[in-house]
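What the coordinates show
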Amino acid sequence: HNLIKSLTKAEKRNFRIYAKRIQQNEDLMFLKLFDLMDKQKELNETALLKQLGNIAKSKYSNLKRHLYSQIIASLRMIHKEKRANFKVREYIDYAYILYGKGLYLQALKIIQKAKVLAEKNHLIYMRLTLVEFEKFIENRHITRSGGNKALDLVQESEDIQNDANHLVLLSNLRIKMHAKYIQHGHVRKKEEAEKVRTFFHEQIDHLDLDSLGLMERIFYVQSRVWYNYILLDFESCIKYAIEWVELFENNPTMIDRDVDLYLRGFHYVLTTANHIKDRSTHKKYLEKFEHFRKKAYTKFNHNSQILSFLYVHSGRLDDIILNGKFDTAKDTLKRSLNRINRYSYKLDDHKVMIFYFKFAWIHLGNQNHSKALFYINKIVNNELNKLREDIQNYARILQLICHYELSNYDILNYLINTASNFFARTKGISEFLRIAIEMFKKLESTGELEHKTIFNNYLPKFQALDADPYERRAFVYLNIIDWLESKINNTSLQKIVQGKIKT
């Protein structure tokens, strides 16, 4: 049922044509089941059995299996001309069939066609399969290929094997670095940074980077992005993120092969540009991204559509925050929220949590403090265990800011204690969190007339932290300095942000 619901109109039409072509029976039971399932918004198997004439459950199970396999087969027919890996696999199947019939010279011709296509599209593992099959044939038959052919194949096989080893190592490394970030966020102190550096360099120092092929280079650059991102070295991070995008743009076949990875490269250019407040780079790549998305969207599969939403909409929200355009954000927020609701079953909590945090900060900037609190509470009240502890920590400080703006002073003491207990359960309180809690304790216990003095006293403390490479990560998500300046100057957060852009 889920598979049928994921089909486009064109795919459904193609399946019906395919089904009738392979079996000229007007009363195809599996096609009838397809139509019945397609009409159901929610799966109701009791109703299906009744509509199928109360057939036996064993027959129904077989019918479902048959339908599933036929849908997959019809989808493969559609996509085999669109994706090089599908075509290469088909060539491999043809070669095995021809070889089985004793037509090994024809099989070798098919293998050569497949090798050209696989090399053009950087399909390393398939190239290895093809070379090994070619070696098998050359070893068992007289192919008139020349005396050095076997040795050439051995060298080719060893070269591909070396590339494949690099590919596996670097593919694993990028996943390991990503997992470290998802679990722990950015490094918090020098010791953590040294552990990350040691781990990373143990993996790559033995590699000859100049010998890497395209896919290995992409995976290497991706690993570098995560490595520098975790270390808060955003200047290096953006350099590798831009190289990531350029590797795809200089090799257009790679965009067709893995458009999702291309979209992801854009995302990290935009994210790091936002972190270092590089407004010109952010503007340039957001416009470039929007243009590509608009041009290519109809070719995206469902996963690519969701990723393009996540990355483009995140870039739009960052653009609002980066340039202080909080009062113009209404339509952008509405579109983003509509997409979150539409794709809710496909989005993990981490991605949604980041969106909610950005929603909250934008609403705070637009002085809609109740709405900001609404989204922050969604993060604070969500049981996500150790998923992005840093965001959950900053959310609790933003929660205090929202309640302060709403003059809910009577609840501040309770929230301060709750936040402090939460920080104690994680990996130790950072200096940013400690100073923020200390400031709110003073605000809670002091009359309003003294609050501006408190803000003035704490502003330089936060400014000093912003210069600390292991503390400044907090200001990426929660720019409390701008908020303090808005309170000291009796002006809006929007004016503070936009005033800094002009200067």
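Up top is the structure these notes are about.
Computed from a prediction, not measured in an experiment: that's the story for all the values here. (Residues numbered from 1 in each chain as written. Predicted model: local features only at pLDDT ≥ 70, side-chain atom pairs only at ≥ 80, totals over all residues. Heavy atoms only, no water.)

1. Digging into the overall build of the protein chain
Stated formally: Helix and strand definitions follow DSSP, with helices as H or I runs of at least four residues and strands as E runs of at least two, each counted in order from the N terminus. Partly exposed describes any residue whose relative accessible area lies between the buried limit of under 20% and the exposed limit of over 50%, with all areas from a 1.4 Å probe on protein chains only and scaled to the type maximum. Two residues form a contact once any of their heavy atoms are found within 4.5 Å. All accessible-area figures derive from a Shrake-Rupley calculation using a 1.4 Å probe, and residue coverage is judged against the displayed protein chains alone.
Helix and strand counts for the protein chain stand at 26 helices and zero strands. For the protein chain, the C-alpha atoms occupy an extent of roughly 95 × 65 × 40 Å along the three principal directions. Across the 503 residues of the protein chain, 50% fall into the buried class. Within the protein chain, counting contacts between residues at least 6 apart in sequence, those at least 24 apart form 65% of the total. Looking at the protein chain as shown, the accessible area adds up to about 25,700 Å², and 49% of this sits on carbon and sulfur atoms.

2. A word on unusual backbone geometry
Its identity is not glycine, yet Lys-277 carries a phi of approximately 55°, on the positive side. Of note, Lys-277 is situated in the loop between helix H14 (259–275) and helix H15 (279–296). Phi is positive for Asn-490, close to 50°, though the residue is something other than glycine. Secondary-structure assignment places Asn-490 in the loop between helix H25 (480–488) and helix H26 (493–502).

3. Examining the packing of aromatic side chains
Any pair of aromatic rings gets described here by the distance separating the centres and the angle formed by the planes. Worth spelling out the cut-off: Any two rings among Phe, Tyr and Trp, with Trp reduced to its six-membered ring, count as a pair given centres within 6.5 Å; such a pair is stacked if its planes are under 30 degrees apart, edge-to-face if over 60, and tilted if neither. Put simply, a charge is over a ring when the Lys NZ or the Arg CZ is close to the ring centre, within 6 Å, and near the line of the ring normal, within 35 degrees.
Enumeration according to the criterion identifies 38 aromatic pairs in this entry. The interplanar angle of 70° and the centroid separation of 5.0 Å between the aromatic rings of Tyr-181 and Tyr-229 together place this pair among those described as edge-to-face. Within this pair, whereas Tyr-181 is found in helix H9 (residues 149–184), its partner Tyr-229 is found in helix H11 (residues 214–230), the two being separated by 48 residues in sequence. Each member of the pair, Tyr-181 as well as Tyr-229, is classed as buried. Centre to centre, the rings of Trp-226 and Tyr-268 are 5.1 Å apart; their planes meet at 65°, and the pair counts as edge-to-face. Taken as a pair, Trp-226 in helix H11 and Tyr-268 in helix H14 lie far apart in primary sequence, 42 residues in all. Grouping residues by exposure puts Trp-226 and Tyr-268 together as buried. An aromatic cluster is present here, built from Phe-248, Tyr-262, Phe-266, Tyr-285, Phe-289, Phe-292, Tyr-297 and Phe-300 joined pairwise through their rings. Its guanidinium or amino end placed over the ring of Phe-219, Arg-174 lies 3.9 Å from that ring's centre, counting from NZ or CZ.

4. Considerations on the side chain of Arg-316
The cut-off we apply is this: Whenever two N or O atoms come within 3.5 Å, that pair is a polar contact, provided that in protein one can donate a hydrogen and the other can accept it, and provided that, for residues adjacent in sequence, both atoms are side-chain atoms.
Within the secondary structure, Arg-316 sits in helix H16 (residues 302–323). Among the residues examined, Arg-316 registers a relative accessible area of 18% and is labelled buried. Within the structure, Arg-316 has its side chain in polar contact with the side chain of Glu-290 (distance 2.8 Å). In this structure Arg-316 touches Leu-286, Glu-290, Arg-293, Thr-332 and Arg-335, once residues within four positions along its chain are discounted.

5. Focus on helix H7 (residues 104–120)
As a reminder, the rule being used: Expected helix span is computed as 1.5 Å times (number of residues minus one). Arc definition: directions from the helix axis to the C-beta atoms.
The end-to-end C-alpha distance of H7, which contains 17 residues, comes to 24 Å, matching closely the 24 Å that a straight helix rising 1.5 Å per residue would cover. The set of residues buried in H7 consists of Ala-107, Leu-108, Ile-110, Ile-111, Ala-114, Lys-115 and Ala-118. On an axial view of H7, the arc spanned by its buried residues comes to 160°, and they lie on one face. Opposite its buried face, H7 presents the exposed residues Lys-109, Val-116 and Lys-120, each directed more than 90 degrees away. Buried residues belonging to H7 abut helix H6 (84–100), helix H8 (124–140) and H9. Following H7 by one or two positions, His-122 has its phi on the positive side, about 60°.

6. A short note on helix H22 (residues 431–445)
With 15 residues, H22 ought to run about 21 Å at 1.5 Å a step, and its terminal C-alpha atoms sit 21 Å apart, in line with that. What H22 keeps buried is the set Phe-432, Leu-433, Ile-435, Ala-436, Ile-437, Met-439, Phe-440 and Leu-443. Where H22 is buried, its residues meet helix H20 (389–405), helix H21 (409–425), helix H23 (451–466), helix H24 (473–477) and H25.

7. Some thoughts on the packing of H22 against H25
The condition that has to hold: Axis lines are fitted through C-alpha atoms, for helices just across the contact stretch, and the angle between N-to-C directions can take any value from 0 to 180 degrees. Roughly parallel refers to an angle under 35 degrees, roughly antiparallel to one over 145, roughly perpendicular to one between 65 and 115, and oblique to any angle outside these ranges. The crossing is said to be left-handed when, going from far helix to near helix, the turn is anticlockwise and less than a right angle, and right-handed when the turn is clockwise. Polar here means any residue outside two lists: the nonpolar Ala, Val, Leu, Ile, Met, Phe, Trp, Tyr, Cys and Pro, and the charged Asp, Glu, Lys and Arg; Gly therefore counts as polar.
Look at H22 against H25: their axes get within 13 Å of each other, and the N-to-C directions meet at 25°. One element, H22, and the other, H25, form an angle in the roughly parallel class. Here the hand of the crossing between H22 and H25 comes out left-handed. For the pair H22 and H25, the contacting residues are Phe-432, Met-439 and Phe-440 in the first and Ile-480, Trp-483 and Leu-484 in the second. Tallied by class, the residues present in the contact of H22 with H25 amount to six nonpolar, no polar and no charged.

8. Quick word on the side chain of Lys-358
Summarising the element assignment, Lys-358 is placed in helix H18 (residues 349–365). Engagement of the side chain of Lys-358 in a polar contact is seen with the side chain of Ser-314, the distance being 2.7 Å.

9. Considerations on the packing of H6 against H8
Axis separation between H6 and H8 bottoms out at 11 Å; the angle between their running directions is 15°. Here H6 lies roughly parallel to H8, going by the angle between them. Helix-helix and strand crossings are classified by hand; for H6 and H8 the assignment is left-handed. In contact with Asn-85, Val-88, Arg-89, Ile-92, Ala-95, Tyr-96 and Tyr-99 of H6, H8 contributes Met-126, Thr-129, Leu-130, Phe-133, Phe-136, Ile-137 and Arg-140. Residue composition of the contact of H6 with H8, by class: 10 nonpolar, two polar and two charged.

10. Things to note about the environment of Gln-498
Here Gln-498 shows up in helix H26. A sequence separation of 224 residues divides Gln-498 from Asn-274, and the C-alpha atoms of the two residues are 15 Å apart. Setting aside chain neighbours within four positions, we find Gln-498 in contact with Asn-323, Gly-324 and Lys-325.

11. Remarks on the environment of Arg-264
Mapped onto the elements, Arg-264 comes out in helix H14. For the pair formed by Arg-264 and Ala-436, sequence separation is 172 residues and the distance between their alpha carbons is 34 Å. Not counting chain neighbours up to four residues away, the residues in contact with Arg-264 comprise His-178, Gln-222, Trp-226, Trp-244 and Tyr-311. Of the polar contacts made by the side chain of Arg-264, one reaches the side chain of Tyr-311; its length is 2.8 Å.

12. Section: the environment of Gly-185
In this fold, Gly-185 is placed in the loop between H9 and helix H10 (190–204). The spatial distance from the C-alpha of Gly-185 to the C-alpha of Ala-360 is 20 Å, given a sequence separation of 175 residues.

13. As for the nonpolar core
Quick note on the threshold: Each nonpolar core is a collection of buried residues, namely Ala, Val, Leu, Ile, Met, Phe, Trp, Tyr and Cys, held together in the definition by side-chain atoms within 4.5 Å.
Of all hydrophobic cores here, the largest spans 127 residues; its most connected members are Met-439 and Phe-462. Setting aside residues no more than four positions away along its own chain, Met-439 makes contact with Ile-454, Phe-455, Tyr-458, Phe-462, Ile-480, Trp-483 and Leu-484.

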